[in-house]
Amino acid sequence: MNNDRIRNFSIIAHIDHGKSTLADRILELTGAVSARDMKEQLLDDMDLERERGITIKAHAVSLPWTVDGEEYRLNLIDTPGHVDFSYEVSRSLAACEGALLVVDATQGVEAQTLANAYLALENDLEIIPVINKIDLPSAEPERVAEQIEQVIGLPAEEALLVSAKTGEGVRELLDLLVEKVPPPAGDPGAPLRALLFDAWYDSYRGVCCLVRVVDGRVKPKQAIRFMATGASFDVEEVGRFSPKPEPLDALEAGQVGYVFATIKELHQTRVGDTITLDREPAVAPLEGFQDIKPVVFAGLYPVDSADYGDLRDALDKLRLNDASFTFEPDTSQALGFGFRCGYLGLLHMEIIQQRLEREFNLDLITTAPGVRYRVITTAGETVWVENPKDLPGPGEIDSIAEPMIDATILTKDEAVGPILKLCEERRGVQKRLEYVGPQRVLIEYRLPLAEVVLDFYDKLKSVSRGYASFDYQIAAYEPGDLVKLDILVNGEPVDALSIIVHQEKAYERGQSVVSTLKRVIPRQLYEVVIQAAVGKRVISRAVVKALRKNVLAKCYGGDITRKKKLLEKQKAGKKRMKKVGRIEVPQEAFLAVLKVEGS
Amino acid sequence: MVTTQTQSMGRYLQALEAELELIDLEPGTALETLYLGGGTPSLLPGLDFQRLVRSITRRFPLATGAEVTAEANPEDVTPERLDAWIEAGVTRISMGVQSFDDAELRALDRRHDRRTACRAAALVRKRSELELNLDLMLGIPGQDRTSLQTSLSVLLDLAPAHVSVYLLEMDKPHRLRALKRRYPERFAGEEDSAGMYLEVHEILTGRGFEHYEVSNFARGGSRARHNLRYWHCRPVHALGVAAHGAEGRRRWANLENIPAYLEAVDERIRPLAWATVLSSRECLAEELLMGLRLEEGVSPARIAEGRSLFPDFSRRLDEFLDLGLAVEKNGRCRLEPRGWLVSNELFVTLV
């Protein structure tokens, strides 16, 4: 098929604005899936995705569409729908020429609408604004169209009104898409350059790569090479999803489809990498590749140390499907053997943890999430520290730098005050504050990532009563006045409770952790002294007095059986304790520190 | 043994007599102790009480010098009943007075007051055939050191041979639990309860009582011989609803549901809820747990066995010794009263 007849596009939207429903309608309308076979939201095939309404794995579907008797092929490239995966989104968009920007007619422009629109603009895409959910009584399409113009700068009159739910306006939308989105360019005669924009592990066939061929063509039996990693593989099959896999003789410049090669493991691929031919390589790779690294780190420990092996197996299995999270063995004096895991963001972390608990039936303790610090030692060396316990001693540190983010928040004007207060408390620096429509305010802040990872989302949600939407991008590292806060139990530092914290907040944070621990550590035979310290300086202290009473008063005949059960219950409680010296610290204590007020 | 409402008492007494023939004890075996209690046998009319004891002793005669204890509510004690009990062979009356403070007794929903309790105790003390035990409770809502001292001095004036002092326990569903949720301030805290317990220890041992078990004090050798059988893991057979028995490594319990119990006995089936045989490890654990609740403590051989079989126990016992909560003397190991107060921290290593 001639490239003039191909349209490559994505649907981008804020969460819950109807992206998946629209994709379903398009699949139905193009006849790719019959309405009868339609499984709700076909593109989201993981339970967890459906449950959270978030698309985690991107897919690409090739669909036939006829306009004025001319046959076209629409390649719909689905994008992940969350801030943690913005790099993957940007690579998916790089495979397209156009994007449908879906905005909920009842909600209006949100932070992710904006972030996604920016990503689309950066990739030079033709953006078609789509106002969705016009069937709802509370829909305000005019107001939303105005916002699209004011906030994003897209002409309001071009916005299309649709209801993905009823199908109203979807046919017109596809016709407009054919008209406005340019066909793919590219040189079929040039050496192969294909953008890898998604990959996943298929237990039967190995790794499936989704690619957009930019130049040249790729065929089975060719040897291909990933330009960033340098790894080479033999192509076994190429084709497209419609939505069932449909093998083709070749994928050519302009086309989107899948490539199965002799790739056995997902981490052998990098999203954004350029595929070329091993024999006849391209001179330069496509632009925009980044080696994405985790930004949020947390320890994962089995509640029952006997589950360590199971946890390792589960992590191995998950990594088959998600090469973007990392894990390495870690030990903690308090929590035993476990792993230090790296994630692309907080949501990513939550998803992985839930999958571990749900799919693998594991009981886990998670330590407080943290970020990767860049430490310059007095000897002039750079040390990357993800785990507070690895921080060099205070005398060896010249400076510590921490990762910053650029946050975008869109909210109702009445929530602006509390949101600014929250951002200031979290050491934020205001970049922009602007009315973008009646009662709608755009706020931009530069914030330390470490201040966001703990509970920023929750706080933002509560101070804005749910009216603020949030998105962020990783920005630069900036030096900060950071110190390590140690928690000591009867003089012994508990590594799993250490945190790196801003000097100004050390006192407050230390007090908060100490009082939480005092609350959750039960009285025991020994007095328990809990201290928070920076270096040698103790900044907070509390005492859990020694236990005075834990006794069975009566122990006759029938009591004995009953009391034994009571003791068994007490014993079960102690099983969930970790020993620090002679002191038993409940696992709850480690979790409680996670919930410590971050302010 | 348990009794129930007066209407069904006759039926229940019949069942007890019938169960006598079902229990796993050779007829003719002499009883060293007999305990009528768990419930309120003092409610029984004198003749019924005598008949019940006669039925028991007809099948299992009392050994010479046997201890026969009856539990009694203060309000049930009358000269006539005392006559009947003595005639039936009772040697010891155990009376749950709980407190001599009327406000505290009301908080516990007791039907008696201080006057009734004093009069009942005095009546028992007049009978030279009877030993008297009085139960006191610690941690009653509203109780403080002053009211405890008053109760103790009233108690000491009544000169019982035996005193049981129980710390209020909240592990059973209890009206007090709801009360504690609503008015936590009216309940003694851990610190105060522990303080009161140690104070009782001081006062009673100062008046010649030996504190021979966690909750029990005796004067002049008047220990509760029946209860010692539990603590020394000696055989105990039991009749009635929810009654528990033990012999050797066997443990069993009767049904808790009265109709089910009656039905089983009617059909001449043992009314068992469960029966089990302890492993030798469980037996040792029980022996250690019971033994360490006694002032006499546990023999060196048993402690050594326990240490090797239960490493956590061994470590924790060392901590108890370290903290002076336990002492070792001539190899025998025992807990101090302060150790008894936190003894579950040790016993939890044995389950």
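Residues numbered from 1 in each chain as written. Chains lettered and ligands numbered in written order. Predicted model: local features only at pLDDT ≥ 70, side-chain atom pairs only at ≥ 80, totals over all residues. Heavy atoms only, no water.

### What about the overall build of chain B?
When helices and strands are counted, chain B shows 15 helices and 12 strands. Looking at chain B as a whole, 53% of its 351 residues are labelled buried. Across chain B, contacts joining residues at least 24 apart in sequence account for 67% of those joining residues at least 6 apart. In the form shown here, chain B has an accessible surface area of approximately 15400 Å², with 48% of it arising from carbon and sulfur atoms. (Helix = DSSP H or I, 4+ residues; strand = E, 2+ residues; numbered from the N terminus. Buried < 20%, exposed > 50% of the residue type's maximum accessible area, 1.4 Å probe, protein only. Contact = heavy atoms within 4.5 Å. Areas by Shrake-Rupley, 256 points an atom, 1.4 Å probe, with all protein chains shown as cover.)

### So, the overall build of chain A
Helix and strand content of chain A: 14 helices and 32 strands. In chain A, which comprises 599 residues, the proportion classed as buried is 57%. For chain A, restricting intrachain contacts to residue pairs at least 6 apart in sequence, the fraction spanning at least 24 positions comes to 70%. Carbon together with sulfur atoms contributes 47% to the accessible area of chain A, which is approximately 25100 Å² in total.

### A short note on the packing of helix H1 (residues 9–20) of chain B against helix H2 (residues 46–59) of chain B
To characterise two packed helices, one gives the angle between the axes of the helices and the distance between these axes. Residues and elements named next belong to chain B. Two elements in contact, H1 and H2, have axes separated by 10 Å at closest approach and are oriented at 5°. The angle between H1 and H2 falls in the class roughly parallel. Of H2, the residues touching H1 (which contributes Leu 13, Leu 16, Glu 17 and Leu 20) are Asp 48, Arg 51, Leu 52, Ser 55, Ile 56 and Arg 59. Here the residues of the contact of H1 with H2 are counted per class, giving five nonpolar, one polar and four charged. (Axes fitted to C-alpha atoms, helices over the stretch in contact; angles between N-to-C directions. Parallel < 35°, antiparallel > 145°, perpendicular 65-115°, else oblique. Nonpolar A, V, L, I, M, F, W, Y, C, P; charged D, E, K, R; others polar.)

### So, the sheet that holds strand E19 (residues 364–366) of chain A
All names here are of chain A. Sheet architecture is open: four strands sit in the order E17-E18-E16-E19, paired in antiparallel fashion. Bordering the open sheet on either side are strand E17 (326–332) and E19, each of which pairs with just one other strand. Taking each pair of neighbouring strands and ignoring which way they run, the sheet shows an average axis angle of 30°. Relative to E19, strand E16 (residues 296–302) runs antiparallel, the two sharing three bridges. Counted as the bridge partner of Pro 302 is Leu 364 from E19. (Pairing = 2+ DSSP bridges.)

### Points about the pairing of strand E11 (residues 326–329) of chain B
Residues and elements named next belong to chain B. Here four bridges tie E11 to strand E12 (residues 332–335), and the two strands are oriented antiparallel to one another. Counted as the bridge partner of Lys 329 is Arg 332 from E12. Here E11 folds back onto E12 in antiparallel fashion, the turn holding two residues, of which Asn 330 has a positive phi close to 50°.

### Observations regarding unusual backbone geometry
In this structure, Lys133(A) takes a positive phi of about 65° despite not being glycine. As for its position among the elements, Lys133(A) is in the loop between strand E5 (126–132) and helix H5 (141–152).

### A word on the packing of aromatic side chains
Taken as a whole and assessed by the stated rule, the structure comprises 19 aromatic pairs over all chains. Plain terms: the ring middles of Tyr556(A) and Tyr166(B) are 6.5 Å apart, the flat faces sit at 90° to each other, and that makes the pair edge-to-face. Residue Tyr556(A) is located in the loop between strand E30 (537–544) and helix H13 (557–575), and its partner Tyr166(B) is located in strand E5 (residues 162–167); the two belong to separate chains. On the basis of relative accessible area, Tyr166(B) is assigned to the buried category, the value being 6%. Among the aromatic residues, ring-to-ring pairing joins Tyr308(A), Phe325(A), Phe327(A), Phe337(A), Phe339(A) and Tyr343(A) into one connected group. Arg270(B) extends its terminal NZ or CZ atom over the ring of Trp252(B), reaching a point 5.6 Å from the ring centre. (Phe/Tyr/Trp six-rings, centres within 6.5 Å; stacked < 30°, edge-to-face > 60°. Lys NZ or Arg CZ within 6 Å of the ring centre and 35° of its normal.)

### Some points on the environment of Leu123(B)
Residues and elements named next belong to chain B. Of note, Leu 123 is situated in helix H5 (residues 114–125). For the pair formed by Leu 123 and Pro 79, sequence separation is 44 residues and the distance between their alpha carbons is 7.1 Å. When sequence neighbours within four positions are dropped, the list of residues in contact with Leu 123 reads Val 77, Thr 78, Pro 79 and Leu 82.

### Here's the deal with the sheet that holds strand E1 (residues 6–13) of chain A
All names here are of chain A. As summarised here, the arrangement of the six strands in space is E2-E3-E1-E4-E5-E6, forming an open sheet in which the pairing is mixed. Either end of the sheet is taken by a strand with one partner, and the two such strands are strand E2 (60–67) and strand E6 (160–161). In this structure, E1 lies alongside strand E4 (residues 98–104), joined through five bridges in parallel fashion. The partner of Ile 12 across the bridge, within E4, is Leu 101.

### Topic: the confidence of the model for chain B
The predicted model of chain B averages 93 in pLDDT, with 97% of residues at 70 or higher. Across the predicted assembly, pTM comes out at 0.67 and ipTM at 0.90. (pLDDT = per-residue confidence, 0-100.)

### Some words on a negative patch on the surface
All names here are of chain A. The grouping of Asp 68, Glu 168, Glu 172, Asp 175 and Glu 179 at the surface amounts to a negative patch. You can see Glu 172 is positioned in helix H6 (residues 170–180). Given a relative accessible area of 48%, Glu 172 falls into the partly exposed group. (Patch = residues over 30% accessible without salt bridge, like charges linked within 9 Å, V, L, I, M, F, W, Y side chains within 5 Å. Salt bridge = Lys/Arg side-chain N within 4 Å of Asp/Glu carboxyl O. Lys, Arg positive; Asp, Glu negative; His and termini not counted. Charge placed at Lys NZ, Arg CZ, Asp CG, Glu CD.)

### Description of the interface of chain A and chain B
Counting residues at the interface gives 30 residues for chain A, matched by 40 residues for chain B. Of the roughly 3500 Å² buried where chain A meets chain B, counting both sides, 56% is carbon and sulfur surface. Looking only at chain A, the three residues that lose the most surface to chain B are Leu525(A), Arg548(A) and Tyr556(A), adding up to 22% of its buried area. There are five salt bridges connecting chain A and chain B. (Buried area = accessible area lost by both parts, 1.4 Å probe.)

### Some words on the side chain of Arg372(A)
Residue and element names in this part refer to chain A. Relative to the helices and strands, Arg 372 resides in the loop between E19 and strand E20 (373–377). Within the structure, Arg 372 has its side chain in polar contact with the side chain of Glu 386 (distance 2.7 Å). The residues contacting Arg 372, other than those within four sequence positions of it, are Lys 293, Pro 294, Val 295, Phe 297, Trp 384, Val 385, Glu 386, Pro 403 and Tyr 477. (Polar contact = N/O pair within 3.5 Å; in protein donor to acceptor, adjacent residues only side chain to side chain.)

### A word on the state of the cysteines
All names here are of chain A. Here the structure, examined in full by the defined rule, presents zero disulfides over all chains. Lacking any disulfide linkage, Cys 209 is separated from the closest cysteine sulfur, that of Cys 208, by 6.8 Å. Judged by relative accessible area, Cys 209 falls into the buried class, the value being 1%. (Disulfide = S-S within 2.5 Å.)

### Quick notes on the pairing of strand E4 (residues 131–138) of chain B
All names here are of chain B. Among the eight residues in E4, seven count as buried, and that is most of the element. Note: strand E3 (residues 92–98) against E4, six bridges, orientation parallel. Bridge pairing in E4 links Met 95 to Leu 134. Of the strand pairs in this sheet, E4 and E5 are connected by six bridges, and their pairing is parallel. Bridging across to E5, Asn 133 finds its partner in His 162. Note that the unit made of E4, helix H6 (residues 145–158) and E5 has a crossover that is right-handed. (Right-handed = clockwise from strand over helix to strand, strands pointing away.)

### A few points about the environment of Leu311(A)
Residues and elements named next belong to chain A. Counting through the fold element by element, Leu 311 comes out in helix H7 (residues 308–321). For Leu 311, a relative accessible area of 0% puts it in the buried group. In sequence terms Leu 311 and Asp 363 are 52 residues apart; their C-alpha atoms lie 9.3 Å from each other. Those residues in contact with Leu 311 that lie beyond four places of it in its chain are Leu 300, Tyr 301, Pro 302, Phe 339, Leu 356, Leu 362 and Leu 364.

### Here we look at the pattern of salt bridges
Scanning the model with the defined rule gives 52 salt bridges over all chains in all. As a salt-bridge pair, Glu386(A) and Arg372(A) come within 2.7 Å of each other at their nearest N and O atoms. You can see Glu386(A) sitting in the loop between strand E21 (382–385) and strand E22 (397–412) and its partner Arg372(A) sitting in the loop between E19 and E20, a full 14 residues away along the chain. For the pair Glu386(A) and Arg372(A), one class covers both residues: buried. In this structure, the salt-bridge partner of Arg316(B) is Glu345(B), at a minimum N-O distance of 3.6 Å.

### A word on the side chain of Glu110(A)
Residues and elements named next belong to chain A. As for its position among the elements, Glu 110 is in the loop between E4 and helix H4 (111–122). Looking at Glu 110, the relative accessible area reads 9%, which means it is buried. Reaching out from Glu 110, the side chain makes a polar contact with the side chain of Ser 469 at a distance of 2.7 Å. Setting aside residues up to four positions removed in sequence, Glu 110 forms contacts with His 14, His 17, Leu 410, Arg 440 and Ser 469.

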